[in-house]
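# Commentary on secondary and tertiary structure
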Amino acid sequence: MADLWNTDTGEAVYRSRDTVKNLRIKVRIERVTSTAALSQPLQQQVLSQQDRGAIELETLSSSGHTADNEEELVVGWQEKFFSQYEMELFQNEAACHTPLDHQYHTEIKALNQGKGRKNKRIFTYTDHDRYTNYLPLHQLQHSTDLLTTTKSGPTFLAERIASVRNRRQDRRTMDSSVPKTAIINWEPTEEFVKSRHMVNNVMHTMHIMGDLGPSGSLGQKENECLLVTIKTDGYGTVIVKPDFNKGKEPFRIVTEGEKREVWRLTVENVSTAMKPEDKDREQNMYKDLYVRHKEYLNSLVGQDFEMPPAGILRYLMNGEIVSAKGFEYDNLYIHFFMELPKNWSSLPFQSLSGVTQTCRTKTLGKENVAFFSYPFNFEAFYMNEKESEESVLQWPVLYFRVLSLNLWQRYRIEGYGYLLFPAVPGKHIITCHTWRPIQMDPVSSLRRFFIGGSPELEDHSYVRVPGTFKGERLSRFGFCTETTGSVTFNLHCIQQARAFVDATMLKKKRQRVFEQLEGFSQQRAVCTILEAFQRARRNMQETRESLPRGLISSAS
């Protein structure tokens, strides 16, 4: 007998573009009597033996189907069907207190004067009914147990959704005052977290109920049973519990009490299908809407691609300070700024400096790593001038210093470093090593440990060759430093110039920016290589000057 029932009473979620007002659900309940329970398996056995000339059990099958033991009703979305209890309650105008109660009184009065109501046992609670708003959770659990053969408890999501409406309405007290409770709970319990961390979406609810009481005592609240629950959020999501039978066996409902009667429940979707011409019309309407929206977006962007003037290189960088590791102390943050060489400029509102958040380190292997993931962007323009023999295209430089905070919010210098902007567009992951100036006495180390004081650079560009330096030699003799940690950058560079478009039209393959600019067509080496060559040349000249003149003349 267990195979004749559908035990899948979980809820089903549907997505529909159609409005929910077109939803039609057919609900059928049938009381299972002893004769009906006996006749159904016998009838199937007889029909399977038609070759033997067996007869149908018309007497047994007809005796169990009376008008009082079964009912079928087609229900629309938010369509109100009154129960016997509501018919008796709203007949008395003195029991009506709200405008909705008076409306129900008028409708019931019209039903009594007309042909009467077509339902007896099946009725509905719409979203505006007081019973829908305050339907207790234990009744939902009890109805769930009635519809299934196994005593399975409700899920956490079912409990929260069932209490959403009550929690939303019980925010204020009867005198509209805010409850004097603690706004912040520093020690939340597990139940507190479950009851507060819930997305409170506005759901419209409708319940299809059934009065499963005896024939002569309809209208008693204890005999009401929840058959079907329909919910929608107004965005095309429809939740039905239990799901439609779809040709499967009916659901089993067992009432409480001494008799413990058994009922069959069948739920079917009988909504009118859309006609082919209406479907085509709707698809064309959506297609036209999407085309117009695309045209609107194109009108906002425009058809002309923004280009810099002739002879100007536009440099855009979207960068990220990924991490820092290998430093002595914790609670690190980075202060950085950009330096623009000669012939470079930026927008007036462009910020050329920034500070990251303070980040604690995390031990990975043998290193203490601080993950910043701090984004920054930069945009600059290069104005081309006349070409000279010794002129080298200088790229912007990003100077940075790593600092740490102690317990008394005093900072220490952890390291200085710089980053030369890449000359090649694309993605670059660069790790820059840092150093810091030190003093060779123990007092400096004690001061750094206790009060946070440490030597600093007055000019941060001293990490590299300063842009304001005009001499031939930059001596750092006697300057004591200490290697510290490293900082990792993730850079995405974009370069834009009209010379790039001209080179594409002429089908010339050029791989460097300064090769594609008009004033630097003859320079084919990377600026970093040129700087290294110039340093080697200066070292060679200094070496030659330090040698004796006799040795130089003999070698020549």
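Note that the structure is a prediction, hence the values are computed from the model and not measured.

Turning next to the overall build of the chain. Of the regular secondary structure elements, the chain holds 14 helices and 19 strands. When each of the 556 residues of the chain is scored for burial, the buried share is 35%. Taking the intrachain contacts of the chain between residues at least 6 apart in sequence as the baseline, contacts between residues at least 24 apart amount to 72%. Carbon and sulfur atoms make up 53% of the accessible area of the chain, which amounts to about 35700 Å² in all.

Taken in spatial order, the five strands make up an open sheet running β1-β7-β6-β5-β4, and their pairing is antiparallel. Strands with a single pairing partner mark the edges of an open sheet, and in this sheet they are β1 (12-15) and β4 (122-125). Neighbour-to-neighbour, the strand axes of the sheet open up by a mean angle of 20°, direction not taken into account.

Turning next to unusual backbone geometry. In the segment running from Lys 241 into Pro 242, the intervening peptide bond is cis, with an omega of -5°. Relative to the helices and strands, Pro 242 resides in the loop between β7 (237-241) and β8 (251-254). Positive phi values are uncommon outside glycine, yet Gln 78 reaches one of about 60°. When you line up the elements, Gln 78 lands in the loop between β3 (70-76) and α3 (84-90). Accessibility expressed as a relative area gives 24% for Gln 78, which makes it partly exposed.

It is worth spelling out the pattern of salt bridges at this point. This structure, assessed with the given rule, holds 15 salt bridges. With a shortest N-O distance of 2.7 Å, Glu 70 and Arg 28 are connected by a salt bridge. Pair noted here: Glu 70 is in strand β3 and Arg 28 is in strand β2 (residues 24-32), with a separation of 42 residues, a long-range link. On the basis of relative accessible area, Arg 28 is assigned to the partly exposed category, the value being 25%.

Before going further, it helps to examine the pairing of strand β10 (residues 312-325). As defined by bridge partners, β10 adjoins strand β15 (residues 367-383) across 13 bridges and the pair is classed as antiparallel. In the strand pairing of β15, Asn 318 is matched with Asn 377. Both β10 and strand β19 (residues 481-496) contribute to a ladder of eleven bridges, which runs antiparallel. From the neighbouring strand, Ala 324 faces β19, where its bridge partner is Val 487.

So, about helix α4 (residues 99-113). When the terminal C-alpha atoms of α4 are compared, their 21 Å separation across 15 residues agrees well with the 21 Å that a helix rising 1.5 Å per residue should span. Buried within α4 we find Asp 101, Tyr 104, His 105 and Ile 108. End-on view of α4: buried residues confined to an arc of 105°, all on one side of the axis. The exposed set on the far side of α4, more than 90 degrees from its buried face, consists of Pro 99, Thr 106 and Gln 113.

Here the focus is the sheet that holds β2. Taken together, four strands build an open sheet; the order of strands is β3-β2-β9-β8 and the sheet is antiparallel. Edge strands, defined here as strands with exactly one partner in the open sheet, are β3 and β8. Averaged over all adjacent pairs, the angle separating strand axes in this sheet is 25°, with direction ignored.

The rules behind each value
- Residues numbered from 1 in each chain as written.
- Predicted model: local features only at pLDDT ≥ 70, side-chain atom pairs only at ≥ 80, totals over all residues.
- Heavy atoms only, no water.
- Helix = DSSP H or I, 4+ residues; strand = E, 2+ residues; numbered from the N terminus.
- Buried < 20%, exposed > 50% of the residue type's maximum accessible area, 1.4 Å probe, protein only.
- Contact = heavy atoms within 4.5 Å.
- Areas by Shrake-Rupley, 256 points an atom, 1.4 Å probe, with all protein chains shown as cover.
- Pairing = 2+ DSSP bridges.
- Axes fitted to C-alpha atoms, helices over the stretch in contact; angles between N-to-C directions.
- Salt bridge = Lys/Arg side-chain N within 4 Å of Asp/Glu carboxyl O.
- Expected span 1.5 Å × (residues − 1).
- Arc of directions from axis to C-beta.

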